[in-house]
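Fold and geometry: a report
Read off the chains here:
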Amino acid sequence: MRTNQQLVSFLIRKWEDAGEFVIPSFLKAITFIVTEVGELFDAWLRTMADDGFVRNHGEKDVDPAEELADIVLMAYVAADALGIDLDEELHKKLGKMDKKKMVSWLDKAQADE
């Protein structure tokens, strides 16, 4: 079974080969992430904010989950551009945070698998 990183790497290359996608450079992938964060915040304001925020234009089909997925996708694309295994790095980071917080739940969770 492929990791998320491997799946993204495989698909973006297939999409590019089909002429349906241009694999962005690291800098462009990071720029896309920044714009997607703005779209996520806008979607959250439109659908989940308690204060009834309303935009001046009529776009109503916004989905915070989809915008968050766009951010993760571009993070994988950026990692791929740098040759970084993001799944592995995330696992390492969670381990460091778990130990820093002195909880050690990650070791227990892995033992239960």
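Here goes a summary of the coordinates provided. (Residues numbered from 1 in each chain as written. Predicted model: local features only at pLDDT ≥ 70, side-chain atom pairs only at ≥ 80, totals over all residues. Heavy atoms only, no water.)

**Thoughts on the packing of aromatic side chains**
Going by this rule: Pairs were defined over the aromatic rings of Phe, Tyr and Trp, the Trp ring being its six-membered one, requiring ring centres within 6.5 Å. Orientation was assigned from the angle between planes: stacked under 30 degrees, edge-to-face over 60, tilted for the rest. Summary of the burial criterion: residues with accessible area below 20% of their type's maximum are buried, those above 50% are exposed, and those between are partly exposed, where the area comes from a 1.4 Å probe applied to protein chains only. Both a distance and an angle decide whether a charge sits over a ring: NZ of Lys or CZ of Arg must be within 6 Å of the ring centre and within 35 degrees of the ring normal.
Scanning all chains against the criterion turns up two aromatic pairs. On the basis of an interplanar angle of 65° and a centroid distance of 5.6 Å, the ring pair of Trp15 and Phe21 is categorised as edge-to-face. Relative accessible area serves as the criterion here: at 21%, Phe21 is assigned to the partly exposed category. Positioned over the ring face of Phe10 is Arg2, at 4.0 Å from the centre of the ring.

**Here we look at helix H3 (residues 64-82)**
Test applied: Only runs of H or I of at least four residues qualify as helices and only runs of E of at least two qualify as strands under DSSP, and these elements are numbered from the N terminus. Helix span is expected to be 1.5 Å times the residue number reduced by one. Working rule for contacts: check all heavy atoms of both residues, and any pair within 4.5 Å makes them a contact. Polar contacts, as counted here, are pairs of nitrogen or oxygen atoms within 3.5 Å of one another; within protein the pair requires one atom able to donate a hydrogen and one able to accept it, and residues that are adjacent in sequence qualify only if both atoms are side-chain atoms.
In a regular helix each residue adds 1.5 Å, so 19 residues correspond to 27 Å; H3 covers 27 Å between its end C-alpha atoms and thus fits that length. For H3, the full list of buried residues reads Pro64, Glu67, Ile71, Met74, Tyr76, Val77, Ala78, Ala79 and Asp80. Turning to H3, the residues buried within the fold contact helix H1 (4-17), helix H2 (26-47) and helix H4 (86-100). Residue Asp63 occupies the N-cap position of H3, its side-chain oxygen lying 3.1 Å from the main-chain nitrogen of Ala65. Following H3 by one or two positions, Gly83 has its phi on the positive side, about 70°.

**Thoughts on the nonpolar core**
Put simply, the test is: The nonpolar core is taken to be a set of buried Ala, Val, Leu, Ile, Met, Phe, Trp, Tyr and Cys residues, with the residues joined through side-chain atoms within 4.5 Å.
Core analysis: the biggest nonpolar cluster contains nine residues, these being Val8, Ile12, Ala29, Ile33, Ile71, Met74, Tyr76, Val77 and Ala78. Every element with two or more residues in this core is listed here: H1, H2 and H3. The leading source of residues in this core is H3, at five residues.

**Describing H2**
Side chains three or four residues apart in an α-helix point the same way, a direct result of the helix having 3.6 residues per turn. Over its 22 residues, H2 extends 31 Å from the first C-alpha to the last, a length consistent with the 32 Å expected when each residue adds 1.5 Å. Those residues of H2 not exposed but buried are Ala29, Ile33, Glu36, Asp42, Ala43, Leu45 and Arg46. For H2, the secondary structure elements touched by its buried residues are H3.

**Details of a positive patch on the surface**
Note the following rule: A patch consists of residues whose relative accessible area exceeds 30% and which take part in no salt bridge; residues with like charges are grouped when within 9 Å of each other, and nonpolar side chains (Val, Leu, Ile, Met, Phe, Trp, Tyr) when within 5 Å. Areas reported here follow the Shrake-Rupley algorithm with a probe of radius 1.4 Å; residue values treat only the protein chains shown as occluding. Put simply, a salt bridge is a Lys or Arg side-chain nitrogen that is within 4 Å of an Asp or Glu carboxyl oxygen. The charge count includes Lys and Arg as positive and Asp and Glu as negative, but it does not include His or the ends of the chains. The location of each charge is read from NZ of Lys, CZ of Arg, CG of Asp or CD of Glu.
Together, Lys93, Lys96, Lys100 and Lys101 line one region of the surface with positive charge. Tracing the backbone shows Lys100 in helix H4.

**Brief notes about the packing of H1 against H3**
The test is simple: Working convention: axes come from line fits to C-alpha atoms, limited for helices to the stretch in contact. Angles between N-to-C directions cover 0 to 180 degrees. Here the angle decides the label: under 35 degrees means roughly parallel, over 145 means roughly antiparallel, 65 to 115 means roughly perpendicular, and every other value means oblique. In the scheme used here, Gly and all other residues not listed as nonpolar or charged are polar, with Ala, Val, Leu, Ile, Met, Phe, Trp, Tyr, Cys and Pro taken as nonpolar and Asp, Glu, Lys and Arg as charged.
Packing of H1 against H3 brings their axes to within 10 Å, and their N-to-C directions diverge by 80°. Relative to H3, the element H1 is oriented roughly perpendicular. The residues of H3 that touch H1, namely those facing Asn4, Gln5, Val8, Ser9, Ile12 and Arg13, are Leu73, Tyr76, Val77, Ala79 and Asp80. In the contact of H1 with H3, the residues fall into six nonpolar, three polar and two charged.

**Some remarks on the pattern of salt bridges**
For side chains bearing opposite charge, pairing can occur when the charged atoms are close. Counting across every chain of the model gives three salt bridges. Residue Glu88 is joined to Lys92 by a salt bridge in which the shortest nitrogen-to-oxygen separation is 3.5 Å. With a gap of four residues between them, Glu88 and Lys92 both fall in helix H4, about one helical turn apart. Look at Glu88 and you get partly exposed, because its relative accessible area is 41%.

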